[in-house]
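# Structural characterization, general
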Amino acid sequence: MDRRTLLKSSGALAALTFMPVRAFADSGRIEVSLDTGPNHVRNLSMEALAKEIGAASSEQLEMKIFHGASKFKGADVPIAVAQSALDMGVPGTWQMGKAVPDYNITALPMMYGIGYEDQYAVWDGPAGQALNKNLEDKLKIKVIGRWINLGFAQMFFTDKRVTSHADLAGMKMRAPGGAANLARFKAFDATAVSIPFSDLAQALQRQTVDGVLTTMNPCGLRSFGIPA
C-alpha cells in the first residue's frame, strides 16, 4: 500500500485524509504535514489518530505530525503525497480543485447555510464518494475515512465595520485558496488574497488584508490568541 491522506471543506469547511497506495517504509514512521497550528481541530484530530495507530500497532508504527506547514504548505500536500514525498495529508477541499475541479462544488453558494446533517448526507453519499474516487484515480492515492468537518466559514474584519455584503467592495480579503472561494469575493467587488493558514498571523500583523475568511472553530481562533 502506498501512503497518503487528505482532508476537505465546503459551505462548512472540511478536509479529507488520504495516503499513497503502496507499503510504508520499513522505518514504521508515517509523516503527516498540516498547514494549521497544533491547537487547530485538524491537528488535534490527527494527534488523536496518532495515538490510536500507536496503540493498535503496539507502538511499531509512529505517526510524526509536522504542524504549521513546517514540512509542506497545504496547497503542496496533495502532490507531495502523490509523489510519495509525504506519507499522509489532510488538506482542505478547496485545495483539491487543481487536481479535480469538481471539488469546487463544496464552496458554491448552493452549499451556504445548509445544516451539518444535510451536508453529511451529500458528502458521505454518492456525490462525495464520486469526488473521492476521481481524486484517487487522478493522484493514485487512497482517501481514508470521512471528510473532517472544520466548521462553517465566517468573515472577520480588522478595522472597518461591515454590516452588508455591499460593504465588502474595495476591501482586501484573505481566502484560504480555491477558485470558488476567490470568486465569491470578486462577485462583491472585493479583492481576494490567497494566504495559507500558516502565514495568516503575519499577514494580519502587517495589515496585508482588511479581513479574513476562516472558520469559527474555537481551536482555530485560539491559534490567534482569541478566546473561545
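Note that the coordinates shown come from a computational prediction; the quantities given were computed from them, not determined experimentally. (Residues numbered from 1 in each chain as written. Predicted model: local features only at pLDDT ≥ 70, side-chain atom pairs only at ≥ 80, totals over all residues. Heavy atoms only, no water.)

Counted at 1.5 Å a residue, the expected span for helix α1 (residues 41-56) with its 16 residues is 22 Å, and the 22 Å between its end C-alpha atoms agrees. For α1, the full list of buried residues reads V41, R42, N43, M46, A50, I53 and G54. Immediately beyond the C-terminal end of α1, within one or two residues, lies S58, with a positive phi of roughly 55°. (Helix = DSSP H or I, 4+ residues; strand = E, 2+ residues; numbered from the N terminus. Expected span 1.5 Å × (residues − 1). Buried < 20%, exposed > 50% of the residue type's maximum accessible area, 1.4 Å probe, protein only.)

In total, this model carries four aromatic pairs according to the counting rule given. Judged by centre distance (4.5 Å) and plane angle (15°), the rings of Y116 and F152 are stacked. Here F152 lies in strand β5 (residues 141-157) and Y116 lies in helix α3 (residues 116-123), a separation of 36 residues in the sequence. A residue is classified by how much of its surface remains accessible, and F152, at 26% relative accessible area, is partly exposed. Between W123 and W147, the ring centres sit 5.1 Å apart and the planes meet at 15°, which makes this aromatic pair stacked. With W123 in helix α3 and W147 in strand β5, the pair connects residues that are 24 residues apart, well separated along the chain. In this structure W123 comes out as buried when scored by relative accessible area, which is 8%. (Phe/Tyr/Trp six-rings, centres within 6.5 Å; stacked < 30°, edge-to-face > 60°.)

What follows concerns the nonpolar core. L16, Y103, L135, I141 and W147 are the most contacted members of the largest nonpolar core, which has 18 residues in total. Elements that contribute at least two residues to this core include exactly β1 (12-20), α2 (77-82), α4 (126-139) and β5. Among the nonpolar cores identified, the runner-up in size contains 16 residues, and L34, M46, M88 and V90 belong to it. (Core = buried A, V, L, I, M, F, W, Y, C linked by side-chain atoms within 4.5 Å.)

Once that is clear, we can look at the side chain of N132. Relative to the helices and strands, N132 resides in helix α4. Residue N132 is classed as buried on the basis of its relative accessible area of 13%. Looking at N132, its side chain comes within polar contact range of the side chain of Y103, at 3.3 Å. (Polar contact = N/O pair within 3.5 Å; in protein donor to acceptor, adjacent residues only side chain to side chain.)

Most of strand β8 (residues 211-215) is tucked away: five of the five residues are buried. Neither face of β8 is open: one carries G211, L213 and T215, the other V212 and T214, and all of them are buried. Both β5 and β8 contribute to a ladder of five bridges, which runs antiparallel. Looking at β8, one finds that F157 is bridged to G211. The pairing of strand β6 (residues 172-175) with β8 spans two bridges and is parallel. Each residue of the ladder has a partner; that of R174, found in β8, is V212. (Pairing = 2+ DSSP bridges.)

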